[in-house]
Amino acid sequence: MTELLSSAQMRAIEQEAIQSGAATGLDLMERAGKGVVDAVLAAWPALAADPHRAVVLCGPGNNGGDGFVIARLLRAMGWTVRLHLFGDPARMPEDARHNHDLWAAEDPVLALDAATVFTGPRPDVWIDAVFGIGLSRPVPGEVAQVLDADAMAAWEQSHGIRRVAVDCPSGLNLDTGMIASDTDAPEPSGKAGRATMNTVDLTVTFHSPKPGHYLAKGPILCGEVRAVDIGLSDTAPERRSIMEEPDPERIRLVEPVFRGRAIEPRTWLKSVMAKPGKAGHKFDFGHVMVFAGGVGQGGAGRLAARAALRTGAGLVTVLCPPAALIENACQLDAIMLRALKEDVPLDDVADARVTGFCMGPGMGVTPRTRKLVQEALARRAGPRHRRDPVVVLDADALSSFAEDPASLFPRTHARTILTPHEGEFERLFPDLGSSQRQGRSKVDVVREAARRAGCIILLKGVDTVIANPEGGASVHVAAYGREAPWLATAGAGDVLAGMIAGLAATQASAGLLSVAELAVYLHVECARRFGPGLISEDLPEQLPQVFCELGL
Ligand SMILES: NC(=O)C1=CN([C@@H]2O[C@H](COP(=O)(O)OP(=O)(O)OC[C@H]3O[C@@H](n4cnc5c(N)ncnc54)[C@H](O)[C@@H]3O)[C@@H](O)[C@H]2O)[C@@H](O)CC1
Ligand SMILES: [K+]
């Protein structure tokens, strides 16, 4: 997994390098600028053949300083560069000011406004170095006009211009992935934030990617993200193994990468999933019970059950009210079926070998659902198991506690995982949901929710955030070449809940957060493998081929 660094962590690493004498701020800025130029030429090798035109937009801080370095390096390659500055050079930080002066000694520093920028000739490359991690408020109106998605149409064939962002498209908050004008917070400047922000083709960031590249608007705006090495060493207190819970000080990006290097997905899968012994018995791979709804309400539970079985659980049983037995029996074969009468306690039907419960899809928002959830949460490890059964709570199992979430949290435990979508999350954590809309990072709110509930929380979305009560957090995004828009289909969440229950119920040695990470990854892989036209029934059916393609 790649570890994502917050702005504060990035600053601390830079400061340590500077204070230890390993590099000066100027060295780092020079390497950053060179890293951007190299990344541009690597992305579009044809640009290296002969000199081209560039527009470089610089801001008042060190992001602008990087811009001045880039402009100077391109000029040295014979390029024609028009450089525009927002801000007063006299007030720039020292290193940025130094690079400003090197540029200004030979070429003009133009104003950064639409009239000045778009009356110049059309560039081949557009470099946005206005704001980076230092963005502290909405982008001022005159800069916003230049960065507006439609503004480039002032040039003919503007779609052919290669757009590059330094650290991030200016206006994107690298901790939250939001743009200031997206949030409910009033804008202190009183000026309207821009409605549309220019997307770029390539974002070049330094040392390590940041959460904002993957959260919220980040994946829409950044194009492709390249992290370039600027010679900083990583001072993470301890780098953990892929199957351990993540370092609570860091945020982990869910992808088959470990310690910065791509690994075979097979290595990742094998480290998380149960290792089948040669003489494995079905009970060695766990028994998941999935609760289905009443007559005509069983589809969601059956989808989850199918996903749990395909993911590797040895046995899966659907529990349903007696009236729904025939309906379910007509649809299930390998999945077992048991009736659960209204007044019968869960212990009467679930023996000690049950290692996982998947609850919520189609169950109904009822007092009975609440009671069953409470009973499942009270279960403890059977004699043959090291761990308590996992309890995955989704959909109606969560909504059944919407009136009184505080009555759920004393019962949830470290082997519980809640898988809400945004609406369900906000019903359980109203204050956290609204603080997110006001600009708080999705990672921070999910971390706090996990702490409050004392269990794992997986908040679904194109950007999915998972956190555990210790502060460990990971982000998975269905973007950057792993888009799966057709996953927005009825029942896809039920399948995910079943996949998590199926993987976790095998009692693999990996922690539950690692299991949830893998389930989210597999879920998207299944959707991508099937492609457009996907319906939720198709998802579990892709698993055998996905496992095979990932080398399992
Ligand atoms: N030595 C270093 O610190 C390095 C920093 N690097 C670059 O430096 C950047 C961070 O530099 P800074 O901390 O100076 O931050 P930025 O350059 O991102 O922006 C800070 C400046 O912008 C102003 N500002 C912020 N939001 C504004 C708004 N909405 N409207 C008007 N003004 C606004 C601030 O008052 C400050 O002057 C990184 O993103 C990266 O590009 C790289 O060169 C690597 C080395
Ligand atoms: K920028």
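The residue numbers shown here count from 1 along each chain, following its written sequence. Written order determines the labels here, with chains lettered from A and ligands numbered from 1. This being a predicted model, a pLDDT of at least 70 is required before a residue's local features are given, and a value of 80 or more before pairs of side-chain atoms are given or counted; all residues contribute to the totals for chains, interfaces and linings.

**A short note on the packing of helix α2 (residues 25–43) against helix α4 (residues 94–104)**
Only the contacting stretch of a helix is used when fitting its axis, a line to C-alpha atoms as for every element, and angles between N-to-C directions run 0 to 180 degrees. Numbering of helices and strands runs from the N terminus, with a helix taken as a DSSP run of H or I at least four residues long and a strand as a DSSP run of E at least two residues long. Running from N to C, α2 and α4 cross one another at 60°; their axes reach a closest spacing of 9 Å. Of the possible angle classes, the one that applies to α2 and α4 is oblique. Between α2 and α4 the crossing geometry is right-handed. Facing α2, whose interface residues are Gly25, Leu26 and Met29, α4 presents Asp95, His98 and Asn99. Here the term charged refers only to Asp, Glu, Lys and Arg, the term nonpolar to Ala, Val, Leu, Ile, Met, Phe, Trp, Tyr, Cys and Pro, and the term polar to all other amino acids, Gly among them. Looking at side-chain class alone, the contact of α2 with α4 contains 2 nonpolar, 3 polar and 1 charged residues. Note on terminology: angles under 35 degrees are roughly parallel, angles over 145 are roughly antiparallel, angles of 65 to 115 are roughly perpendicular, and the others are oblique. Two helices that cross are described as forming a left-handed crossing if the nearer one is turned anticlockwise from the farther one by less than a right angle, and a right-handed crossing if clockwise. Contact between two residues is assigned when their C-beta atoms, built from the backbone, lie within 7 Å.

**Thoughts on the sheet that holds strand β8 (residues 224–228)**
Within the open sheet, the 7 strands sit side by side as β4-β3-β2-β5-β6-β7-β8. Their pairing is parallel. The open sheet has two free edges, formed respectively by β4 (110–111) and β8, since each of these has just one partner strand. For strand β7 (residues 202–206) and β8, the ladder comprises 5 bridges, and the chain directions are parallel. Residue pairing in the sheet places Phe206 in a bridge with Val228 of β8. DSSP calls a pair of strands paired once it identifies at least 2 bridges connecting them.

**Notes on the site of ligand 1**
Lining the immediate environment of ligand 1, one finds 27 residues, of which Gly61, Asn62, Asn63, Gly132 and Gly134 sit closest. Those elements giving two or more residues to the shell around ligand 1 turn out to be α2 and α3 (62–76). Among the residues forming the shell around ligand 1, the class breakdown is 14 nonpolar, 9 polar and 4 charged. All residues are tested the same way: a C-beta atom is placed from the backbone, and lying within 6 Å of a molecule or strand makes the residue near it.

**Things to note about the UniProt feature "binding site: AMP" (unreviewed entry) in the protein chain**
The feature "binding site: AMP" (unreviewed entry), as given by UniProt, occupies Lys460, Gly461, Val462, Asp463, Thr464 and Gly493 in the numbering adopted here. Sequence-wise these annotated residues cover 34 residues; spatially they are packed, their C-alpha atoms never more than 13.9 Å apart. You can see Gly461 is positioned in the loop between β18 (456–459) and β19 (463–467). C-beta crowding within 10 Å serves as the criterion here: with 15 such atoms nearby, Gly461 is assigned to the partly exposed category. With respect to the helices and strands, the residue Asp463 is situated in strand β19. Residues with at least 20 other C-beta atoms within 10 Å of their own are called buried, those with 12 or fewer are called exposed, and the rest are partly exposed. The C-beta atoms themselves are positioned from the backbone. We classify Asp463 as buried; it has 21 C-beta atoms within 10 Å. UniProt positions are given in the numbering used here, feature names are shortened, and annotations may be inferred rather than shown by experiment.

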